[in-house]
Amino acid sequence: MKRALAICLLVVLAGCTVPGSLSDDGGVSGELGTEDGYRYNESIAVDPSDGLNDSELDAVVGRSMARLEYMRGLEFTDDVNVSIVSRAEYRDDQPFDHNSTHSLWNNQVWEGLFIVGENRDVSDVMNSTLGGAVLGYYEPGTGNIVIVSDSQTPKINRDTLVHELVHALQDQQFGLDESPDTQDAQLARNGVVEGEANLLEDRYRSKCGNDWNCIEVVTGGTSGGGNIDRGLLDVILYPYVVGPTFVAAKEDAGGWDAIDALHEDYPTSTEQVSNPSLYPGETPVNVTVADRSNADWERFDHDPVADTVGAASIYVMFADNGVISGGDQYQHRASEGWGGDALVPYRNGDRYGYVWETAWDTQADAEQFLDAYRDLLKRHGATRDGDVYTVPESSPYGDAFRVTHEGTRVRIVNAPTVDALDEIHG
């Protein structure tokens, strides 16, 4: 899902430092605020309602880049290429390969989160969800922006263009072509990347009609259609929803210099993004899982061998399954107090399982997670025998689960049958 977190999805979501010095005519001395011959405060004659020809697109892109330079105080150092594709063209170019080892490994991670069950493949669900939700994306390292249009005559969405231009600026100044290995670290890093883009997009929008003349926002439709999985989308949306608050808090404390510093030292967990006071001091516990499987079961040949799903995804797991009432900031006592986790998938031919070790700040935090997790199993029809729970085969999560708690740790072992629990983690 690394690419999925670097795109602008179908969502509608104190002052900036002024770069450069303003001249008497309202222009900017130096290069900031002027791009490809267009000034940030310049009017341009374009009509986006029937699509943009090449010269109109150049004008819109150039002025938008100049305005972002003016707002952010950073210079675009390279060209940016913007193209528009139809929804159908985007769907035909889906990036996720459901035949790969990674996809089989990833299936167990999302099954462990009770978001994508055994009856579906994560790659297919991701493709379907993004195929209907994506408005545009930036390709790190290439300078290419692709805008996805839902209209018969391809049109450009101003907000999407601005959002993706922020990513181009970030890439040119800081580099975006590397991504962390685990789900939680990816979401945390993108809390900065997408948080800054959404924050600037919102501020750009607020200037339109007040300080600036802007092209109209043309959507070409209100929905991209497709079969969107709400739980998976809620995980993907985390950086877009919570990230702006994190970035704004750091900007309030240290200006744009503080945001520059974030790009050099990203948060390492969604817990830090959700609670800005925890960055950079409280880093995740390094959780490992000892391999206690028998000869029939093996770990995937995958780097890393374990995923860390993190507090935000645990929150979605409980909210998506009705265990908790969902809020708008991905926080609840069932997922707060997260200290770290490691989910290790296992395979035995075409049979699969996993071991998920979670660490919590206090025993009370662990017990709150444990209570919510037991409720989750119950909601899927699980019967209990001591520490072992069995979800019926009629469920897409129809497996055996051993749930144990010791101090600040909760361990979950998943297997196709009760007997296989000891085979995977004896």
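Residues numbered from 1 in each chain as written. Predicted model: local features only at pLDDT ≥ 70, side-chain atom pairs only at ≥ 80, totals over all residues. Heavy atoms only, no water.

(A) Quick look at the overall build of the protein chain. Across its full length, the protein chain holds 11 helices and 13 strands. By the burial criterion, 55% of the 426 residues in the protein chain qualify as buried. Split by element, the accessible area of the protein chain, about 17500 Å² in all, is 43% carbon and sulfur. (Helix = DSSP H or I, 4+ residues; strand = E, 2+ residues; numbered from the N terminus. Buried < 20%, exposed > 50% of the residue type's maximum accessible area, 1.4 Å probe, protein only. Areas by Shrake-Rupley, 256 points an atom, 1.4 Å probe, with all protein chains shown as cover.)

(B) Highlighting the side chain of H425. Following the sequence through the fold, H425 ends up in the segment after α11 (418-424). You can call H425 buried: its relative accessible area is 2%. One polar contact links H425 to R292, side chain to side chain, over a distance of 3.3 Å. Those residues in contact with H425 that lie beyond four places of it in its chain are V289, A290, R292, V355, R402, R411 and V413. (Polar contact = N/O pair within 3.5 Å; in protein donor to acceptor, adjacent residues only side chain to side chain. Contact = heavy atoms within 4.5 Å.)

(C) Highlighting the pairing of strand β8 (residues 338-348). Here β8 lies mainly inside the structure; nine of its 11 residues are buried. Sheet topology places strand β7 (residues 298-299) next to β8; two bridges connect them, and they run antiparallel. Bridge pairing links E298 to R347 in β8. The sheet contact formed by β8 and strand β9 (residues 351-360) spans 10 bridges and is antiparallel. In the sheet register, W338 faces β9, and the bridge partner there is W360. (Pairing = 2+ DSSP bridges.)

(D) Quick look at the state of the cysteines. Tallying each qualifying case throughout the model produces one disulfide. Here C208 engages in a disulfide with C214; their sulfurs sit 2.1 Å apart. What sets the handedness of the C208 and C214 disulfide is the S-S torsion sign, and at about -85° it is left-handed. For C208, a relative accessible area of 15% corresponds to the buried category. (Disulfide = S-S within 2.5 Å.)

(E) Summary view of the layout of surface pockets. Roughly 220 Å³ of volume is contained in the second largest pocket. Looking at the second largest pocket, it is lined by 15 residues, and the ones nearest its centre are Q108, E111, E118, D350 and Y352. Going through the elements one at a time, α3 (101-112) and β9 are the ones with two or more residues in the lining of the second largest pocket. Take the lining of the second largest pocket: its biggest share by element is four residues, from α3. Here the residues of the lining of the second largest pocket are counted per class, giving five nonpolar, three polar and seven charged. (1 Å grid on protein atoms, 1.4 Å probe; cavity = no way out; pocket = protein on both sides within 12 Å on 5 of 7 lines; lining within 4 Å. Points joined across faces, edges and corners; volume = space filled by probe spheres on them. Nonpolar A, V, L, I, M, F, W, Y, C, P; charged D, E, K, R; others polar.)

(F) Expanded view of the packing of helix α1 (residues 54-72) against helix α5 (residues 158-173). It is the contact of α1 with α5, at a shortest axis distance of 10 Å, that shows an interaxial angle of 60°. Along this stretch, α1 crosses α5, giving a crossing that reads as right-handed. Contacts between α1 and α5 pair V60, V61, S64, M65, L68 and R72 from the former with L161, V162, L165, V166 and L169 from the latter. A class-by-class count of the residues in the contact of α1 with α5 yields nine nonpolar, one polar and one charged. (Axes fitted to C-alpha atoms, helices over the stretch in contact; angles between N-to-C directions. Left-handed = near helix turned anticlockwise from the far one by under 90°.)

(G) How the structure looks around the confidence of the model for the protein chain. Looking at the protein chain as a whole, the pLDDT averages 89, with 89% of positions reaching at least 70. Segment residues 1-7 is flagged for pLDDT under 50; beyond a separation of four residues in sequence, or across chains, it makes 38 contacts in the model. Overall, residues 9-30 carries pLDDT values under 50, and its contacts beyond four positions in sequence, including any with other chains, amount to 53 contacts. (pLDDT = per-residue confidence, 0-100.)

(H) Representation of unusual backbone geometry in the model. Omega for the peptide link from Y279 to P280 comes to 5°, which places this bond in the cis form. Within the secondary structure, P280 is located in the loop between α8 (270-274) and β7. Cis geometry marks the peptide bond from D303 to P304, where omega comes out at 5°. If you trace the backbone, P304 turns up in the loop between β7 and α9 (310-320).

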